[in-house]
Amino acid sequence: AAGTKGPYVASSGSLELPFRTDNVAVYRNGSASDLSAAKQYDVYYYNANLRTVWLYSSRVTGTLTAVSPNRAAPSSVTVAGVSYDIGTSAAAYKLSSQGSFADGDTVTLLLGMNGEVVDVITASASSASYYGVVLSSERTASTSSTTTSETSSVQVVTQVACSDGVARTFYHDGSALRTGWVVSVTVNGSGTTVKSLSDKSLSGKVNAAGTTFAGYSFAEDVDILDTDGEGGYAYLYPSRIAGAELEKSDVRYYTLDANGDIDCLILDEATGDTLTYVYVTSAGETNSDMNVSGTYTYLQDGESQTISGNTIYNITVGGAAIRYEDGSVKSIKQLESVSLTDLTEFTATASNQRYDLDENVQVYLRDSSGDLHLTSLSEIIGSDYSLRGWYDDLGYAAGGLIRIIVAS
């Protein structure tokens, strides 16, 4: 809004506002709050005319590995393997050749309302904890440069899909960890510690509103991550699992915040969203002289790809789900198909049975020659096309979504 000032950093935990603080509207991370919720190093904005304050607590802590395009005029910075735009002159100065931070330093980025870097502080001033699953981990020789020295050592480089859906890279001592393990990561002034975690499970039903599960409420900023144990992951909003009955085997780990609410939930193949969904356009299989081979061509988001080799997947033309392991195809399973009689932006109906749509549902239009072309839901909703949908019937607690639609 016009007249909004900021960003500023609450370095001491208090805000400097040019107006009286009674009867002020306060939002923290997008939710209604009050000024007492302000924490040290929160980023804030205010509008005196609207008597409104916006607080943001987003930050990331990790190893600084790059500043682009150069130290003379930095516009982005890479921390924990993720690049962030620099949004203020103060942050740009600290990351420039005249600033106090160098590659290899462990730092904390304070992020503004659009995810831009507002300020940079030392990790010792603001430690961070992450939970997630290991995507890769290996021991490697590296040279670490800090503001005072340069040393060569053997480090472990571990990439973690964190519970907020961001894949981050951490540099730490110890042993490499297995892909798919649930881990906690602590980053502070003393360094980075990555620790494997034993399962910590729950079971019960998520209510229809997606606000409670197994006797606990979900925190307003709850992070939910579905995983498959082989490096696949999908970030979920609570509404994605609303109404689902989750068994103990569906929940790998959870944490509670200071209010006793679930603020982190890591699932184990509860939704099917970690799979890759495709439309198989041709499936050729041969078995001769004790040799078997298969060639499968499919569309994924409109792009044609082919898999061939000595593995038979027993699939035909239509929707299918691919599971990967270590970057290679582990399995391909056929989806169930239904003739759709009604279609909306969020649901489809077949023989009076309603199906929810995958938010990333792939929609194809078949032309007069039989070729398929990627299109959008809006192009076929309310049309006279004949519609066929493919949904996953693979036993997931919150599965059964329409993943592929073909309009003819």
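This text follows the structure it describes.
Counting of residues starts from 1 at the beginning of each chain's written sequence and follows it residue by residue. Given that this is a predicted model, residues contribute local features only at a pLDDT of at least 70 and side-chain atom pairs are listed and counted only at 80 or more, while totals for whole chains, interfaces and linings are drawn from all residues. As a convention, hydrogens and water are excluded, and side-chain values are obtained from all of the structure's heavy atoms.

## A word on the packing of aromatic side chains
Here a pair means two rings of Phe, Tyr or Trp (six-membered ring of Trp) with centres within 6.5 Å. Their orientation is stacked below 30 degrees between planes, edge-to-face above 60, and tilted elsewhere. Counted under the stated rule, the structure contains 12 aromatic pairs. Measuring from centroid to centroid gives 5.8 Å for tyrosine 131 and tyrosine 253, while their planes differ by 25°, and the two rings are stacked. Taken together, the residues tyrosine 131 in strand E11 (residues 128-145) and tyrosine 253 in strand E21 (residues 251-256) connect sequence positions 122 residues apart. Throughout this description, buried means an accessible area under 20% of the type-specific maximum (1.4 Å probe, protein chains only), exposed means over 50%, and partly exposed covers the range between. A relative accessible area of 26% means that tyrosine 131 is categorised as partly exposed. For tyrosine 253, a relative accessible area of 11% gives the class buried. Centre to centre, the rings of tyrosine 235 and tyrosine 237 are 5.6 Å apart; their planes meet at 85°, and the pair counts as edge-to-face. On the basis of relative accessibility, which here comes to 31%, the residue tyrosine 235 falls in the partly exposed class. Relative accessible area serves as the criterion here: at 55%, tyrosine 237 is assigned to the exposed category. Aromatic ring contacts, followed pair by pair, group Tyr8, Phe19, Tyr44 and Tyr46 into a single cluster. In this text, helices come from DSSP runs of H or I with a minimum length of four residues, and strands from runs of E with a minimum of two, each type numbered from the N-terminal end.

## Brief notes about the environment of asparagine 360
Mapped onto the fold, asparagine 360 is located in strand E31 (residues 353-366). Taking the relative accessible area as the measure of exposure, asparagine 360 reaches 56% and is therefore exposed. The spacing of asparagine 360 and serine 100 is 260 residues in sequence and 43 Å in space, taken between C-alpha atoms.

## Overview of the environment of threonine 4
Mapped onto the elements, threonine 4 comes out in strand E1 (residues 4-9). Judged by its relative accessible area of 29%, threonine 4 is partly exposed. The contact criterion used throughout is that any non-hydrogen atoms of two residues lie within 4.5 Å. Setting aside anything within four residues of it in sequence, one finds threonine 4 in contact with Tyr45, Tyr46, Asn47 and Trp54. Any N or O atom pair separated by 3.5 Å or less is treated as a polar contact, with the protein-specific requirement of one donor-capable and one acceptor-capable atom, and with residues adjacent in sequence counted only for side-chain atom pairs. Here asparagine 47 takes part through its side chain, which lies 3.2 Å from a polar atom of the side chain of threonine 4.

## A closer look at the pattern of salt bridges
Salt bridge, as applied in this entry: a Lys or Arg side-chain nitrogen positioned within 4 Å of an Asp or Glu carboxyl oxygen. All chains considered together, the criterion is met by 16 salt bridges. Note that arginine 59 and aspartate 42 form a salt bridge whose closest N and O atoms lie 3.6 Å from each other. One end of the pair, arginine 59, is in strand E6 (residues 59-68); the other, aspartate 42, is in the loop between strand E3 (31-33) and strand E4 (43-47), with 17 residues separating them in the sequence. Judged by relative accessible area, aspartate 42 falls into the buried class, the value being 0%. Measuring nitrogen to oxygen at the nearest pair gives 2.7 Å for the salt bridge that ties lysine 330 to glutamate 230. With lysine 330 in strand E27 (residues 328-334) and glutamate 230 in the loop between strand E18 (216-227) and strand E19 (233-236), this pair connects stretches of sequence that are 100 residues apart. Exposure remark for lysine 330: the relative accessible area of 43% places this residue in the partly exposed category.

## Considerations on the sheet that holds strand E26 (residues 318-325)
Any two strands with at least two DSSP bridges between them are considered paired. The 5 strands lie next to each other as E25-E24-E23-E26-E27, forming an open sheet whose pairing is antiparallel. The sheet is open, and its two edges are formed by strand E25 (303-309) and E27, each paired on a single side. Ignoring which end each strand starts from, the neighbouring axes of this sheet average 35° apart. Note that E26 and E27 share 6 bridges and pair antiparallel. Bridge pairing in E27 places arginine 323 opposite serine 331. Angular values range over 0 to 180 degrees, each being the angle between N-to-C directions of two axes fitted as lines to C-alpha atoms, with helices fitted over their stretch in contact.

## Digging into the pairing of strand E9 (residues 106-111)
Along E9, 5 of the 6 residues are buried, which leaves the element largely enclosed by surrounding structure. Bridge count for E6 against E9 is 5 bridges, and the pairing is antiparallel. Directly across from threonine 63, in E9, lies its bridge partner threonine 106. The pairing of E9 with strand E10 (residues 117-122) spans 5 bridges and is antiparallel. Looking across to E10, one finds that valine 107 is bridged to threonine 122. What sits between E9 and E10 in their antiparallel hairpin is a turn of 5 residues, with glycine 115 showing a positive phi close to 80°.

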